[in-house]
Number of protein chains: 2
Amino acid sequence: MNNHAFTDLMAFERETQAIAAVAERLGWDQETMMPRGAAEQRGEEMGAMEGILHARRTDPRIAEWLGAAVAPDAAGEAQLRLIARSHARAVKIPGALAQELARVTSVAQGVWAEARAKEDVAAFLPTLEKVVGLRRQEAACLAEGGDLYDALMDDYEPGATAATIGAMFDRMRPRLVALREKVIGKAAPRVSGHFPAEGQLALAREVAEAYGYDFTRGRIDLAVHPFSSGSGDDSRITTRVVESDPFNCLYSTIHEVGHSSYELNIDRGLKMTPAGRGVSMGVHESQSRIYENQIGRGAMALWLYGRMEARFGALGVSSAQEFLRAVNRVQAGFIRTEADEVHYNLHIMMRFDLERALIRGDLAVGDLEEAWNARFAADFGVKVDKPSNGVLQDVHWSVGLFGYFPTYTLGNVYAGCLWQALRRDLPGVEEALAKGDTSGAVGWLKERLQRHGGLRTPSETIAHACGFAPSEGPLLDYLEAKFSGLYGL
Amino acid sequence: MNNHAFTDLMAFERETQAIAAVAERLGWDQETMMPRGAAEQRGEEMGAMEGILHARRTDPRIAEWLGAAVAPDAAGEAQLRLIARSHARAVKIPGALAQELARVTSVAQGVWAEARAKEDVAAFLPTLEKVVGLRRQEAACLAEGGDLYDALMDDYEPGATAATIGAMFDRMRPRLVALREKVIGKAAPRVSGHFPAEGQLALAREVAEAYGYDFTRGRIDLAVHPFSSGSGDDSRITTRVVESDPFNCLYSTIHEVGHSSYELNIDRGLKMTPAGRGVSMGVHESQSRIYENQIGRGAMALWLYGRMEARFGALGVSSAQEFLRAVNRVQAGFIRTEADEVHYNLHIMMRFDLERALIRGDLAVGDLEEAWNARFAADFGVKVDKPSNGVLQDVHWSVGLFGYFPTYTLGNVYAGCLWQALRRDLPGVEEALAKGDTSGAVGWLKERLQRHGGLRTPSETIAHACGFAPSEGPLLDYLEAKFSGLYGL
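Values in this document were obtained by computation on a predicted structure and should not be read as measured data.

Turning to the overall build of chain A, a few remarks are in order. A tally of regular secondary structure across chain A gives 20 helices and three strands. For chain A, whose C-alpha radius of gyration is 22 Å, the value lies close to the compact-globule estimate of 23 Å for 489 residues. Residue burial in chain A is summarised as follows: out of 489 residues, 58% are buried. Of all intrachain contacts in chain A linking residues separated by at least 6 positions in sequence, the fraction that spans at least 24 positions is 74%. For chain A, the accessible surface area stands at approximately 18100 Å², while carbon and sulfur atoms represent 52% of it. Both charge centroids of chain A, one from 53 positive and one from 65 negative side chains, sit 3 Å from each other.

Turning our eyes to something else, we now look at the UniProt feature "active site" (unreviewed entry) in chain A. All names here are of chain A. Taking the UniProt record as the reference, the feature "active site" (unreviewed entry) is found at Glu-256. Residue position: Glu-256 is located in helix α10 (residues 246-264). Once residues lying within four places of it in the same chain are set aside, the contact partners of Glu-256 are Pro-226, Phe-227, Ser-228, Ile-237 and Thr-238. Polar side-chain contacts of Glu-256 include one of 3.1 Å to the backbone nitrogen of Ser-228.

Residues and elements named next belong to chain A. Two elements in contact, α10 and helix α12 (residues 300-312), have axes separated by 13 Å at closest approach and are oriented at 130°. Between α10 and α12, the crossing angle belongs to the class labelled oblique. As for the relative orientation of α10 and α12, their crossing is right-handed in sense. Of the residues in α12, those in contact with Pro-246, Phe-247, Leu-250, Tyr-251 and Ile-254 of α10 are Ala-301, Leu-304 and Met-308. Class assignment of the residues belonging to the contact of α10 with α12 gives a composition of eight nonpolar, no polar and no charged.

Turning our attention to the relation of the copies chain A and chain B. For the pair chain A and chain B, the superposition axis carries a translation of 0.0 Å, the fit reaches an RMSD of 0.0 Å, and the rotation angle comes to 180°. This pairing of chains is accounted for by a two-fold axis. Interface residue correspondence from chain A to chain B reaches 100%, placing this contact among same-surface, isologous pairings.

Let's shift gears to the interface of chain A and chain B. Between chain A and chain B, the contact holds 37 residues from the first and 37 residues from the second. Summed over both partners, the interface of chain A with chain B comes to about 2800 Å²; 58% of that surface belongs to carbon and sulfur atoms. For the interface between chain A and chain B, the tally reads six salt bridges. Its salt-bridge partner being Glu-44 of chain A, residue Arg-14 of chain B comes within 2.4 Å of it at the nearest N-O pair. In this structure, the connection of chain A to chain B is made through 16 residue pairs in polar contact (both at pLDDT 80 or more).

All names here are of chain A. Read across the sheet, three strands follow the order β1-β3-β2 without closing on themselves; strand pairing throughout is mixed. Both edges of this open sheet fall to β1 (220-222) and β2 (228-229), since each of them pairs with a single strand only. Alignment of β1 against strand β3 (residues 236-239), held across three bridges, turns out to be parallel. Its bridge partner lying in β3, Asp-221 is registered against Thr-238.

Turning next to the UniProt feature "binding site: Zn(2+)" (unreviewed entry) in chain A. Residue and element names in this part refer to chain A. Listed under "binding site: Zn(2+)" (unreviewed entry) in the UniProt record, and renumbered for this structure, are His-255, His-259 and Glu-285. Spatially, the listed residues are clustered: although they cover 31 residues, their C-alpha atoms lie within 8.6 Å of one another. The residue His-255 is located in helix α10 in this model. Excluding residues within four positions of it along the chain, His-255 makes contact with Glu-285, Ser-288, Arg-289 and Glu-292. Since its relative accessible area comes to 9%, His-259 is described here as buried.

Glancing now at the packing of aromatic side chains. For the structure on display, the rule yields 38 aromatic pairs over all chains. Ring centres of Tyr-404 of chain A and Tyr-408 of chain A lie 5.4 Å apart, and the angle between their planes is 65°; this geometry places the pair in the edge-to-face category. The class for Tyr-404 of chain A is buried, based on a relative accessible area of 15%. Aromatic pair Phe-376 of chain B and Phe-380 of chain B: ring centres 4.4 Å apart, planes at 10°, arrangement stacked. On the criterion of helical spacing, the pair formed by Phe-376 of chain B and Phe-380 of chain B is a turn pair, its members being four residues apart in helix α15 (residues 368-380). Note on Phe-380 of chain B: relative accessible area 6%, which makes it buried. In this structure an aromatic cluster arises from ring pairing among Tyr-156, Tyr-344, Trp-372, Trp-397, Phe-402, Tyr-404, Phe-405 and Tyr-408 of chain A. Across the ring face of Trp-28 of chain A, the terminal group of Arg-236 of chain A is positioned such that the distance to the ring centre comes to 4.4 Å.

Attention now moves to the pairing of strand β3 (residues 236-239) of chain B. Residues and elements named next belong to chain B. Burial along β3 is two-sided: the residues Arg-236 and Thr-238 and Ile-237 and Thr-239 are all buried. When strand β2 (residues 228-229) meets β3, the two strands line up antiparallel, connected through two bridges. The partner of Ser-228 across the bridge, within β3, is Ile-237. Where β2 hands over to β3, the hairpin turn is made up of six residues, of which Gly-230 adopts a positive phi near 100°.

One pass over the full model with this rule turns up 92 salt bridges over all chains. Residues Arg-85 of chain B and Asp-154 of chain B are paired through a salt bridge, measuring 3.1 Å at the closest nitrogen-oxygen approach. Pair noted here: Arg-85 of chain B is in helix α4 (residues 74-91) and Asp-154 of chain B is in helix α7 (residues 148-156), with a separation of 69 residues, a long-range link. A residue is classified by how much of its surface remains accessible, and Arg-85 of chain B, at 28% relative accessible area, is partly exposed. The closest approach of N and O atoms between Glu-138 of chain B and Arg-135 of chain B, which form a salt bridge, is 2.4 Å. Of the two residues, Glu-138 of chain B and Arg-135 of chain B both sit in helix α6 (residues 121-143), three residues apart, roughly one turn of that helix. On the basis of relative accessibility, which here comes to 11%, the residue Glu-138 of chain B falls in the buried class. Residues joined in a network through salt bridges with shared partners are Arg-25, Asp-234 and Arg-236 of chain A together with Asp-29, Arg-42 and Glu-45 of chain B.

Take the state of the cysteines next. Residues and elements named next belong to chain B. Here the structure, examined in full by the defined rule, presents zero disulfides over all chains. Cysteine Cys-417 remains unbridged, with the sulfur of Cys-466 as its closest cysteine sulfur at 5.4 Å. Owing to a relative accessible area of 0%, Cys-417 belongs among the buried residues under this scheme.

Let us now look at the side chain of Ser-106 of chain A. Tracing the backbone through its elements, the reader meets Ser-106 of chain A in helix α5 (residues 95-118). Apart from residues lying up to four places away in sequence, Ser-106 of chain A is in contact with Gln-30, Ala-39, Arg-42, Gly-43 and Met-46 of chain A.

Strand-to-strand pairing in sheets goes through backbone hydrogen bonds, with the strands running parallel or antiparallel. Strand order in the open sheet formed by three strands is β1-β3-β2 (chain B), and the pairing between neighbours is mixed. What marks the edges here is a single partner per strand, and that holds for β1 (220-222) and β2 of chain B.

Looking now at the domain arrangement of chain A. Size of an interface: often given as the accessible area lost when the parts come together. All names here are of chain A. For chain A, the domain assignment lists domain 1 (4-146) and domain 2 (162-487). The distance between the C-alpha centroids of domain 1 and domain 2 comes to 26 Å. With 34 residues of domain 1 in contact, the opposing surface of domain 2 contributes 44 residues. For the domain 1 and domain 2 pair, buried surface summed over both sides reaches about 3500 Å², with 62% attributable to carbon and sulfur atoms. The largest per-residue losses of area from domain 1 upon contact with domain 2 belong to Trp-28, Trp-112 and Arg-116, which jointly make up 17% of the total buried on that side. The interface formed by domain 1 and domain 2 holds two salt bridges in total. Secondary-structure elements contributing two or more residues to the side of domain 1 that touches domain 2 are α1 (4-32), α4 (74-90), α5 and α6 (121-143).

Our focus in this paragraph is the environment of Asp-29 of chain A. By the secondary structure assignment, Asp-29 of chain A is in helix α1. A relative accessible area of 3% means that Asp-29 of chain A is categorised as buried. The residues touching Asp-29 of chain A, leaving out its near neighbours within four places in the chain, are Met-34 and Arg-42 of chain A together with Arg-25, Trp-28 and Arg-236 of chain B.

Residues and elements named next belong to chain B. Taking 1.5 Å per residue as the helical rise, α15 with its 13 residues ought to reach 18 Å, and the 17 Å between its terminal C-alpha atoms agrees with that figure. For α15, the full list of buried residues reads Leu-368, Trp-372, Arg-375, Phe-376 and Phe-380. The buried residues of α15 occupy an angular sector of 105° when the element is viewed end-on, so they sit on one face. What points out from α15, more than 90 degrees from its buried face, is the exposed set Glu-370 and Ala-378.

Cut-offs applied
- Within any chain, residue numbers begin from 1 and follow the written order of that chain's sequence.
- As a convention, the first chain written is A and the first ligand written is 1, with the rest following in written order.
- Note on the predicted model: pLDDT of at least 70 is required for a residue's local features to be given, and 80 or more for side-chain atom pairs to be given and counted; whole-chain, interface and lining totals, by contrast, use all residues.
- Remark: hydrogens and water are excluded; side-chain values derive from all non-hydrogen atoms of the structure.
- Counting from the N terminus, the helices are the DSSP runs of H or I reaching at least four residues and the strands are the DSSP runs of E reaching at least two.
- Our radius of gyration is a C-alpha quantity, and the globule rule it is checked against amounts to 2.2 Å times the number of residues to the power 0.38.
- For every residue, the accessible area (1.4 Å probe, protein chains only) is compared with the maximum for its type, and the residue is labelled buried under 20%, exposed over 50%, or partly exposed between those bounds.
- In this analysis, two residues are considered to be in contact whenever any of their non-hydrogen atoms come within 4.5 Å of each other.
- Here the open area of atoms and residues is found with the Shrake-Rupley method and a 1.4 Å probe, where only the protein chains shown may cover a residue.
- When charges are counted, Lys and Arg are positive and Asp and Glu negative, with His and the chain ends excluded.
- By convention, the charge on Lys lies at NZ, on Arg at CZ, on Asp at CG and on Glu at CD.
- UniProt positions are given in the numbering used here, feature names are shortened, and annotations may be inferred rather than shown by experiment.
- For the purposes of these results, a polar contact is taken to be a pair of N or O atoms within 3.5 Å, where, inside protein, one atom must be able to donate a hydrogen and its partner to accept one; residues adjacent in sequence count only when each atom of the pair is a side-chain atom.
- Here an angle of 0 to 180 degrees is reported between the N-to-C directions of two axes, which are lines fitted to C-alpha atoms, with helices fitted over the stretch in contact.
- If an angle is under 35 degrees, it is roughly parallel; if it is over 145, roughly antiparallel; if it lies from 65 to 115, roughly perpendicular; otherwise it is oblique.
- Each crossing gets its hand from how the near helix is turned against the far one by less than a right angle, where anticlockwise is left-handed and clockwise is right-handed.
- Each residue receives one of three labels: charged for Asp, Glu, Lys and Arg, nonpolar for Ala, Val, Leu, Ile, Met, Phe, Trp, Tyr, Cys and Pro, and polar for the others, Gly being one of them.
- The superposition of copies rests on a least-squares fit of C-alpha positions from residues with pLDDT of 70 or more in both.
- Once two parts are joined, some of their accessible surface, as seen by a 1.4 Å probe, is lost; buried area is that loss totalled over both.
- Here, a salt bridge means any Lys or Arg side-chain nitrogen found within 4 Å of an Asp or Glu carboxyl oxygen.
- A strand pair is defined by DSSP finding two or more bridges across the two strands.
- Centres within 6.5 Å are what make two rings of Phe, Tyr or Trp a pair, Trp counting through its six-membered ring; a difference in plane orientation under 30 degrees is then read as stacked, over 60 as edge-to-face, and the rest as tilted.
- For a Lys NZ or an Arg CZ to count as sitting over a ring, it must be within 6 Å of the ring centre and within 35 degrees of the ring normal.
- For this text, the term disulfide refers to a pair of cysteine sulfurs within 2.5 Å.
- Bear in mind that the domain bounds are from an automatic or database domain assignment.
- Expected span, for any helix, means 1.5 Å times one less than how many residues it has.
- The directions from the helix axis to the C-beta atoms form the arc being described.

Here it is in structure tokens:
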């Protein structure tokens, strides 16, 4: 049987994927290459691209094709499910609103970057007010009377709700706080030395290669906020360099290599189709976090120690084990992206509560800084000293990413599950990682999870890879065991 | 009176300009940043963008709007004229052909680059065959029975025909050849020294700034074939570095600064409108060439001498006048982009004849290399030693730019006219340039020509700037005077 509807729909979607890839590349350019004076024009360009994408995602032919299409196989069924989902969301949002959101968030990012550089929250608030207002409008279109925040979160993590996430956070918090209280007073070594930018970037490239990152289909550049971008045969990462802290560049790079490798490792047959992308932000984050933490701050750190010594000379620690403790140093800090594994999820829980309140209308944008600072003092026991260490630290809200933060902790939870399953299946994996050999671990992740892209739902994707349903237990067990071992608790 | 048709049309065109700017940025990325393994996917992305642009340029509403629109002023009339012209061309080309051309040329560029690196003409020919075939198809759609080559050339230089260009070339050739014969045996100094890549790039940035290039709206990167890209508030240039020849980077940079400055200097009110671009390739080239030659290889070279000495130490020439002679050294060479002002147009005349024969069907792609080598030996008295010095040297044909080459010589002709007029109006300009002060010359070009964008036709643009109709006389007079002076003929 010749199913023209399915074929036509897939051809149409493929072209949409190509255009979306162009828009994504434009976003990469904006963060890495674009001259500053082009910001306003770029907003107009992004708005035009968003207009095209919105028109395609709401094209009435999609509903017709979906009505007539018969999938030839299970993969085809997954494609149809993803297309139907995306179409149903898109038709709820007026084109003018989608375009205005693209335009405003494109400019907002520059405003945020400048406000952050100048420590000037007030300069950012009118813009943030606009972004929040537009996203609330969008949420209202999507929610159809339901919860506004859930409607936004569903875009990043299909199936997740604030209620289940909130309940999980409530189960996690006591164990994390207890662990933090046990560890926080303990002495841990620091590395010292001279870490020139050039050497850090060379190390970043070496380590990316050790993790199997494919430089013929990717590249590394500098950006204010590290990110990965693109899919198929072109997925790029960015990093940043702080000369006094070599771990910033190193672990940002490993993190983004995890994201990018997920995209690059998806089966070629799925390339440029709806199922040819990482399935959700939470599952994406599980890959970046397992590369970064369970692997990179675990046995792999013993190998990294040697590579860093070879490049920078003595590091001021007496052994690889000392280096491992330095890499896993626990301390209350301002910056989420620099947080240790014990504190990280506490950062997320705080942002989750604040942004949910913003979107639900329970917190005014004008009160956000005060709310942030009060909550931070309560949760971390430290007073925020400047906006770039507080409410202005993350790019997310400027680009309208409300509902995105909880996927970071979900990613950690998923990474915990994957790590448990991976060690179950590969008993010798840590000895290999300690020698810099990632092939077993990365191969397992590619085969069990990465290559399948969006063929299953997010939680099914994790369950399929692990052989058990995801929950927060494995992550908390891992954290307690790891830090008990490191600190001799 | 509220002219809705005009307003709606201009809003539609503005969005088209924004999308075209995105496609152009994608082309820049391909040449500067794209990982090699992404080439095939990029072809698909470019094809999708071309599909959108073609759909917009052939949108039936344009004809309706054009029928109803009343321009509010002379600038509006120019906009309508440009839109009508572009629409009339676009509707003649089937969408599938436009998309196929974009896809094939995107991939062809990579094939050309690889063939060139490997000195393997045969590896490039099947691709070139495809490109020529598609462009001939396109030309047939446009020409409607007329000359195929004229139909293609008209896209780069509205109003130009092979007959008038050919006649002008015939008038120019004897004087150029006579000048060449007089100069070719004369001794001229060369610079010598150590010119590390980093220093060359730093000099390139310094010189770009001296010419007033606006780095807040542009940037410089490396590419195999230097080019400029983009308009409005984002116009970027590329350059290349040959460590043994500092003039390659220096004058490529100045050349592209001329192109890019033209775009950046167009009146802000015309930004992102059809008249907000350089009016034609010939006029564009007049800006790059007057920056490069009349200015950069003229009095400005006396200042450049000091800057180069400051950066690289002794240059092996005894004075600024000697340096000027080195910069204007005349010798038969293989590479067009490195050719001196006496030989340059002879390169173009050869390409003009060869590509016209290809498009008219008088020369088979399989015979191109032989035809190139025979003609080169005849015109330059030297045998081509390898394809990268011969038929594979230029990117143009791989990306389908047939009919483009003659605009290079047209640009030189226009630059000759502009230089005559500029010196007439600014008697002290050369003393200022000798001190590195370009403000008079660049200011004159901006005011008289650049800022007007596409408000007038190409030849009217030159006539308006100069106060007289363009012809080849001023260029030939300038060349004869300049080289007679330099060589004491």
